[in-house]
Amino acid sequence: MTPDDPILSARGLSLSFGDVRALDEVSIDLWPGEVLAIVGESGSGKSTLLRVLAGEARPDAGVVTHRDAAGNDLDVHGMGEPAQRRLARTEWGFVRQDPRDGLRMGVSAGGNVGERLMAVGARHYGDIRAEASRWLERVEIDPNRIDDRPGHFSGGMRQRLQIARTLVTQPRLVFMDEPTGGLDVSVQARLLDLIRGLVSDLGIAVVLVTHDIAAARLLAHRLVVMRHGRVVEEGLTDRVLDDPRHPYTQLLVSSVLAA
Amino acid sequence: MSAAMQAEGYNFAYLDEGTKRMIRRALLKAVAVPGCQIPFGSREMPLPYGWGTGGIQVTASVVGPDDVLKVIDQGADDTTNAVSIRRFFARVAPGLRTTERTAEASIIQTRHRIPELPLREGQVMVYQVPQPEPLFRLEPRRAETRRLHALADYGLMQVKLYEDIARHGRVGSSYDHPVMVGGRYLMSPSPIPSFDNPKMHMSPALQLFGAGRERRLYAVPPYTDVRSLDFEDHPFVPLRANGTCALCGARDTYLDEMVTDDRGGRLFVCSDTDYCGTRQAEAVA
């Protein structure tokens, strides 16, 4: 595999909900180790695009191709559910906006982190626990809280726990849907810092959906701007944000509050 | 034993032949795919759900006039449920003999226990199952648990065992501890004590499971691999009260604890009444 091969590429994705065209001929490439942010206003189709890329929703037209660790090109919507699930718990990860959707709230923090390990066949309790504890520390959660349930955690801790749970099997590609949504500003900043550190340490490719331009600037290498289900502008983050060309992008950038 | 009053007007073993055929078809499928839950059209039976309607329907479908039936409840032949089911079959199945001896029985319907005496080829164990779905406390959606079984996606069950160790320091529940059948299907062994789980592994007897309310059948054919779930560093350990049977002196059987008075007096006795009685008779002789 050469760095020139995208890890994920989408061609001509279209999806309509009745008369609403949520996706209109969207094509995207993502290279290994790259962080791609999808920005746009509410209803622009960015979350739908993420769901289609991750195989959770089926497009009306278009293909999504994933290149796996062995270098095989896989059709994400044509591989069948068993293969999709295997992919989802090995090479992929998904960080939800609401940690309650991504965590098992009735299971301890250690169990949450260990679930993916056990799903891929880990059967040594001591090893699983040690790995879970290492990951809790890595996301700045006190390892002494390994047996606490996420219900006793703050919002920021839950989100960090969800990140630990997702990254524990060292996925190559992670989808993130508004990972900092609903958190207060200082917690957001620390979380963004944490994500940035982990992503660059592990060399993970990330598709990040956000409406927060500041978060996109901090994390993303490349930016895709969506509006009405179409990609209106695409390019390196700094280029798009410093020199927006499409009128909508100009509006978006100019509407960011200066701190 | 079988001198009980015969009931008039019923087909042999109560169920009509069409129903028996339907259940046998489901049983064949269950035997062909060990551990897989097969839906069947459960009938209303003349006893309430939870008292063994599933087990009774399975027994009624496989029993013949030459069979010898034993029914146990918590290992005992003389408890209400066991007595009433045994009497029921004696009344509706002319020619059928009933017994309390494990060695003599060709069909053993059970709730909660597997007899202590090793089973032999040709015997059929029929289990009464309240909840056939081993994942039901973990995943409430039935459509989703079926998908998990289809994909053999059992990480969730392992998470539950992880939680048990994290909280209680040991693997497993004292009863209904989940097993993997033939390396493929996760199965609830019905509420037998985990002490009995190892008896299912490579058993020479055919094991049939019926859940009447949940309308599911499943089976473990003879000589099938049945493994209790565990961790490498926390292996499955069958639980047993640390005591000796006060009646027969057995140290290797599953024991019930009996309260004998209101001053804290208590003693242990074998839960398998036939096994205990046989040992006492041998000791006298």
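Here the structure is a predicted model, which means the values were calculated and not measured.

Trainee: Give me the lowdown on the overall build of chain A, citing residues and values where you can.
Mentor: For chain A, the helix and strand inventory stands at ten helices and ten strands. At 18 Å, chain A has a C-alpha radius of gyration in line with the 18 Å of a compact globule built from 259 residues. Once the C-alpha set of chain A is aligned to its principal axes, its extents read approximately 55 × 45 × 40 Å. Evaluated residue by residue, chain A yields a buried proportion of 52% over its 259 residues. The contacts in chain A between residues at least 6 apart in sequence include a share of 65% that link residues at least 24 apart. Carbon and sulfur atoms make up 48% of the accessible area of chain A, which amounts to about 11,300 Å² in all.

Trainee: Can you lay out the overall build of chain B for me, pointing to particular residues and giving the numbers?
Mentor: Looking only at helices and strands, one finds seven helices and twelve strands in chain B. For chain B, whose C-alpha radius of gyration is 19 Å, the value lies close to the compact-globule estimate of 19 Å for 285 residues. Projecting the C-alpha coordinates of chain B onto the three principal axes gives extents of approximately 55 × 50 × 35 Å. Taken across its 285 residues, chain B has 52% of its residues classed as buried. Here the analysis covers contacts within chain B between residues at least 6 apart in sequence; of these, 62% occur between residues at least 24 apart. Treating the 34 positive side-chain charges of chain B as one cloud and the 34 negative ones as another, the clouds have centres 5 Å apart.

Trainee: Lay out the packing of aromatic side chains in plain terms, naming residues and giving numbers.
Mentor: Considering all chains together, one arrives at ten aromatic pairs over all chains under this definition. Taken together, a centroid distance of 5.9 Å and an interplanar angle of 35° make the contact between Phe 94 of chain A and Phe 175 of chain A tilted. Of this pair, Phe 94 of chain A sits in strand 6 (residues 92–95) while Phe 175 of chain A sits in strand 7 (residues 173–177), and the two are 81 residues apart along the sequence. There is no split in this pair, since Phe 94 of chain A and Phe 175 of chain A are both buried. Here the aromatic rings of Tyr 125 of chain A and Phe 231 of chain B are separated by 5.8 Å at their centres, their planes lie at 70°, and the arrangement is edge-to-face. Pair noted here: Tyr 125 of chain A is in helix 5 (residues 125–138) and Phe 231 of chain B is in the loop between strand 10 (226–228) and strand 11 (255–259), and the two residues belong to different chains. Across the pair, Phe 231 of chain B and Tyr 125 of chain A agree in class, each one buried. An aromatic cluster is built from Tyr 10, Tyr 14, Phe 88 and Phe 89 of chain B, whose rings are joined through pairwise contacts. Looking at Arg 96 of chain A, its charged tip hangs above the ring of Phe 94 of chain A, at a distance of 3.9 Å from the centre. One cation-aromatic arrangement involves Arg 184 of chain B over Tyr 185 of chain B; the distance from NZ or CZ to the ring centre is 4.2 Å.

Trainee: Break down helix 5 of chain A for me, with residues and values.
Mentor: In this model helix 5 of chain A runs 20 Å from its N-terminal to its C-terminal C-alpha over 14 residues, within 8% of the 20 Å that 1.5 Å per residue would give. Of the residues making up helix 5 of chain A, those classed as buried are Tyr 125, Ile 128, Ala 132, Trp 135 and Leu 136 of chain A. One face of helix 5 of chain A carries all of its buried residues, which in axial projection span an arc of 105°. Seen from the open side of helix 5 of chain A, the exposed residues pointing more than 90 degrees away from its buried face are Asp 127 and Glu 137 of chain A. The secondary structure elements touched by the buried residues of helix 5 of chain A are helix 4 (109–119), helix 6 (155–167) and helix 7 (185–202) of chain A together with helix 5 (155–168) of chain B. Backbone geometry just downstream of helix 5 of chain A places Glu 140 of chain A in the positive-phi region, at approximately 65°.

Trainee: Go over the domain arrangement of chain B with me, naming the residues and quoting the values.
Mentor: Residue and element names in this part refer to chain B. Structurally, chain B comprises domain 1 (3–132 + 187–226) and domain 2 (240–285). The C-alpha centroid of domain 2 is placed 26 Å from the C-alpha centroid of domain 1. Opposite the 15 residues of domain 1 that make contact, domain 2 presents eleven residues. Where domain 1 abuts domain 2, roughly 970 Å² becomes buried across the two surfaces, and 50% of that area is made up of carbon and sulfur atoms.

Trainee: Give me the lowdown on the pattern of salt bridges, citing residues and values where you can.
Mentor: Scanning the entire structure with this criterion turns up 46 salt bridges over all chains. Note that Arg 85 of chain A is salt-bridged to Glu 144 of chain B, the shortest N-O span being 3.2 Å. Of the two residues, Arg 85 of chain A sits in helix 2 (residues 81–89) while Glu 144 of chain B sits in helix 4 (residues 142–150), which places them in two different chains. Pair check on accessibility: Arg 85 of chain A and Glu 144 of chain B agree, each one buried. Arg 172 of chain A is paired through a salt bridge with Glu 91 of chain A; the nearest N and O atoms lie 2.8 Å apart. In this pair, Arg 172 of chain A is assigned in the loop between helix 6 and strand 7 and Glu 91 of chain A in the loop between helix 2 and strand 6, connecting sequence segments 81 residues apart.

Trainee: How would you explain the pairing of strand 5 (residues 124–128) of chain B if you had to name every residue and give the values?
Mentor: Residue and element names in this part refer to chain B. With five of five residues buried, strand 5 is to be regarded as a mostly interior element. Here strand 5 shows no split at all, with Val 124, Val 126 and Gln 128 on one side and Met 125 and Tyr 127 on the other all buried. Two strands pair when backbone bridges link them, and strand 4 (residues 107–111) and strand 5 are joined in this way by four bridges, in the parallel orientation. Each residue of the ladder has a partner; that of Ile 108, found in strand 5, is Met 125. Bridge analysis of strand 5 against strand 8 (residues 206–211) gives five bridges, and the strand direction is parallel. Following the sheet pairing, Val 124 is matched in strand 8 by Leu 206.

Trainee: I'd love a proper account of the nonpolar core, names of residues and values included.
Mentor: Counting 96 residues, the largest nonpolar core has Val 113 and Leu 161 of chain A together with Phe 89, Tyr 162 and Phe 231 of chain B as its most contacted members. In terms of residue count, helix 5 of chain B provides more of this core than any other element does, seven residues in total.

Trainee: Which residues make up the interface of chain B and chain A, and what are the values?
Mentor: The interface of chain B with chain A comprises 19 residues on the first partner and 22 residues on the second. The contact between chain B and chain A buries some 1,800 Å² in all, and 57% of this surface belongs to carbon and sulfur atoms. On the chain B side of the contact with chain A, Leu 151, Val 159 and Tyr 162 of chain B bury the most area, a combined 31% of that side's loss. With a shortest N-O distance of 3.7 Å, Arg 85 of chain A and Asp 153 of chain B are connected by a salt bridge. The tally of links between chain B and chain A comes to eleven residue pairs in polar contact (both at pLDDT 80 or more). Counting only elements with at least two residues in the side of chain B that touches chain A, the list comes to helix 4 and helix 5 of chain B. Per-element accounting of the side of chain B that touches chain A gives the leading share, nine residues, to helix 5 of chain B.

What counts and how
Residues numbered from 1 in each chain as written. Chains lettered and ligands numbered in written order. Predicted model: local features only at pLDDT ≥ 70, side-chain atom pairs only at ≥ 80, totals over all residues. Heavy atoms only, no water. Helix = DSSP H or I, 4+ residues; strand = E, 2+ residues; numbered from the N terminus. Rg over C-alpha atoms; globule rule 2.2 N^0.38 Å. Buried < 20%, exposed > 50% of the residue type's maximum accessible area, 1.4 Å probe, protein only. Contact = heavy atoms within 4.5 Å. Areas by Shrake-Rupley, 256 points an atom, 1.4 Å probe, with all protein chains shown as cover. Lys, Arg positive; Asp, Glu negative; His and termini not counted. Charge placed at Lys NZ, Arg CZ, Asp CG, Glu CD. Phe/Tyr/Trp six-rings, centres within 6.5 Å; stacked < 30°, edge-to-face > 60°. Lys NZ or Arg CZ within 6 Å of the ring centre and 35° of its normal. Expected span 1.5 Å × (residues − 1). Arc of directions from axis to C-beta. Domains from an automatic or database assignment. Buried area = accessible area lost by both parts, 1.4 Å probe. Salt bridge = Lys/Arg side-chain N within 4 Å of Asp/Glu carboxyl O. Pairing = 2+ DSSP bridges. Core = buried A, V, L, I, M, F, W, Y, C linked by side-chain atoms within 4.5 Å. Polar contact = N/O pair within 3.5 Å; in protein donor to acceptor, adjacent residues only side chain to side chain.

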